[in-house]
Amino acid sequence: MATRIQPVTSIFIFILLFTGSGIGSLGQQYQLVVSTWPFVEAVRAAWRAVDNGSSAVEAVVEGCSACEELRCDGTVGPGGSPDENGETTIDAMVMNGVTMEVGAVAAMRYVKDGIRAARLVMQHTKHTLLAGEKASDFAISMGLPGPTNLSSLESIEKWKKWKKDRCQPNFWKDVVSADRCGPYHPKNDTQHSMGACSNVDLMGTMNARSFHFGHHSHDTISMAVIDKMGHVAVGTSTNGATFKIPGRVGDGPIAGSSAYADAEVGACGATGDGDIMMRFLPCYQVVESMRQGMDPKLAAKDAISRIARKFPDFIGAVFAVNKTGVHAGACHGWTFQYSVRSPEMHDVQVFTVLP
C-alpha cells in the first residue's frame with residue numbers, strides 16, 4: 001500500500017503511548033493519536049486529553065465524543081443515517097487494552113452520547129453490551145441527557161426522498177412484497193427453504209452488495225490510546241448504515257471487529273461494510289498477527305485480503321499500530337485515509353492508503 005501525508009482530519013482515533021523502542025529515544029514515553037479519516041477536531045480533542053495526562057480510556061471517550069458532537073460526516077452521532085423507519089440510532093464501544101474490559105451499546109435510541117454510554121456500561125456493569133431501548137434506559141438512569149429525538153431535518157429529508165424512490169436501495173434479499181417498501185416476506189422456493197443462498201457461486205465468493213457503502217453513507221469513528229502510563233484503549237461510535245433494517249447492529253460495538261487493543265501488542269481500527277467485516281473480526285486478526293511478529297503493514301493487508309477472498313466486492317479498511325509506534329493501513333474497494341498526531345507533529349497529519 002502506498003502512503004503519503006496529506007492535510008488533516010479523521011474518524012478513527014488511536015492514542016498510543018510509546019516507551020523507548022518506538023519513535024522516541026530509549027526510555028522516553030509519549031503519546032500518539034491515530035484515527036480513521038480526516039476528522040481533525042476529534043483527533044485534536046483526544047490529543048489534548050492524553051497530552052494533559054488523561055488516561056487512555058478517557059482520551060478515547062473525549063475524541064469520540066467530539067466527533068459525535070460535530071456529527072462527523074453525518075455518520076457519527078445524532079442526526080444522520082436514518083433507518084427504514086426514519087429513525088437514527090447509535091452504536092458505540094470502548095475497550096481497555098490493559099484490563100481487556102469492554103463496554104458497548106447497540107441500536108441505542110433517544111440518547112446521543114454513544115461513547116459515554118458505552119463507558120458507563122464498562123464502568124458500572126459486569127456486562128459487555130447493552131442494546132436497544134433498554135440501553136437508552138440504562139444511559140439515562142446513569143445521568144446522560146435524554147430522551148432526545150436523534151433525527152435531524154437532514155436525516156428526515158434523506159429518508160423522505162428514499163421513500164419516494166420506492167425504498168431503494170435497501171438491505172433485504174430473497175424477499176417479495178406487494179409494495180417495494182414492505183412489508184417483506186420470504187420467497188417461496190425450494191432453494192431457500194433448504195437453506196441455500198442464491199448469491200453464492202461455486203467458488204464460494206459473494207456477489208456485490210456493498211453499493212450501500214461509501215465515505216458519506218456509512219462510517220465509524222474508532223479510537224485507540226496509549227497514555228503516559230503506557231495504557232492502551234480503543235473506542236468507536238457510529239449511527240450505522242443508512243436505511244438499515246430497524247434493529248440492525250453493525251460492527252461498531254463489536255470488539256475485535258471495529259477496533260481492538262492489547263497493551264502488550266498494539267491496536268487496530270476498521271471502517272467500511274460492517275455486516276461483512278464483522279464476520280471476520282479483522283481488528284482481532286490484525287492484533288494477533290502483530291503478536292505473532294507481523295509488522296503492522298503486513299498485518300493490515302493480511303486481514304483485508306482474508307475478507308476480499310470471500311467477498312471481492314466489499315468495501316472496507318483497517319489501520320494497525322504496534323506498541324512501538326509503527327502504523328500502517330490497508331483497504332479494499334475505496335481509497336482510505338487515517339490521521340496521526342504525535343509530539344513531533346505540530347498538528348494532525350493525514351495518511352492516504354490506495355487500494
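Residues numbered from 1 in each chain as written. Predicted model: local features only at pLDDT ≥ 70, side-chain atom pairs only at ≥ 80, totals over all residues. Heavy atoms only, no water.

Enquirer: How do you make sense of the pairing of strand 10 (residues 232–238) when you look at a structure like this?
Expert: For strand 10, the buried fraction is high: seven of the seven residues fall into the buried class. Where burial is concerned, the two faces of strand 10 agree: the one with Val232, Val234, Thr236 and Thr238 and the one with Ala233, Gly235 and Ser237 are both buried. Summarising the sheet, strand 4 (residues 90–96) and strand 10 pair through six bridges and their orientation is antiparallel. Paired with Met95 across the strands is Val234, a residue of strand 10. Pairing of strand 9 (residues 221–226) with strand 10, which is carried by six bridges, proceeds in the antiparallel orientation. By the bridge assignment, Met223 is partnered in strand 10 with Gly235. Counting the residues in the hairpin turn of strand 9 and strand 10 gives five residues, including Gly230, whose phi is positive at 85 degrees. (Buried < 20%, exposed > 50% of the residue type's maximum accessible area, 1.4 Å probe, protein only. Helix = DSSP H or I, 4+ residues; strand = E, 2+ residues; numbered from the N terminus. Pairing = 2+ DSSP bridges.)

Enquirer: How do you make sense of helix 8 (residues 282–291) when you look at a structure like this?
Expert: Each turn of an α-helix holds 3.6 residues, which means side chains three or four residues apart point in the same direction. Of all 10 residues making up helix 8, seven are buried, and the element is well covered by its neighbours. Among the residues making up helix 8, those that are buried are Pro282, Cys283, Val286, Val287, Glu288, Ser289 and Met290. Once helix 8 ends, the next one or two residues include Gly293, with phi positive near 110 degrees.

Enquirer: Is there a simple way to think about the UniProt feature "binding site: substrate" (unreviewed entry) in the chain in this case?
Expert: Sites flagged by UniProt as "binding site: substrate" (unreviewed entry) map to Arg248, Val249, Gly250, Asp251, Thr271, Gly272, Asp273 and Gly274. On the secondary structure map, Arg248 appears in the loop between strand 10 and strand 11 (259–262). Turning to its location among the elements, Thr271 is positioned in strand 12 (residues 266–272). The buried category is assigned to Thr271, whose relative accessible area is 1%. At a separation of 3.4 Å, a polar atom in the side chain of Thr271 contacts the side chain of Trp37. (UniProt positions renumbered as here; feature names shortened; annotations may be inferred. Polar contact = N/O pair within 3.5 Å; in protein donor to acceptor, adjacent residues only side chain to side chain.)

Enquirer: Any chance you could explain the state of the cysteines here in plain terms?
Expert: Simply put, disulfide is the name for a covalent bond between the sulfur atoms of two cysteines. Under the defined criterion, the tally for this structure stands at three disulfides. The disulfide bridge from Cys67 ends at Cys72, spanning 2.2 Å between sulfur atoms. In this structure the cystine formed by Cys67 and Cys72 twists about its S-S bond by roughly -130 degrees; its chirality is therefore left-handed. Just as Cys67 is buried, Cys72 falls in that class too. (Disulfide = S-S within 2.5 Å.)

Enquirer: What exactly am I supposed to notice about the packing of helix 1 (residues 40–51) against helix 2 (residues 56–70) here?
Expert: The angle between the axes and the distance between the axes are what describe a pair of packed helices. Contact geometry for helix 1 and helix 2: axes closest at 7 Å, N-to-C directions at 150 degrees. What the angle tells us is that helix 1 and helix 2 run roughly antiparallel. For the pair helix 1 and helix 2, the crossing hand works out as right-handed. Along the contact surface, helix 1 presents Glu41, Ala42, Ala45, Ala46, Ala49 and Val50, while helix 2 presents Ala59, Glu62, Gly63, Ala66, Cys67 and Leu70. Here the residues of the contact of helix 1 with helix 2 sort into nine nonpolar, one polar and two charged. (Axes fitted to C-alpha atoms, helices over the stretch in contact; angles between N-to-C directions. Parallel < 35°, antiparallel > 145°, perpendicular 65-115°, else oblique. Left-handed = near helix turned anticlockwise from the far one by under 90°. Contact = heavy atoms within 4.5 Å. Nonpolar A, V, L, I, M, F, W, Y, C, P; charged D, E, K, R; others polar.)

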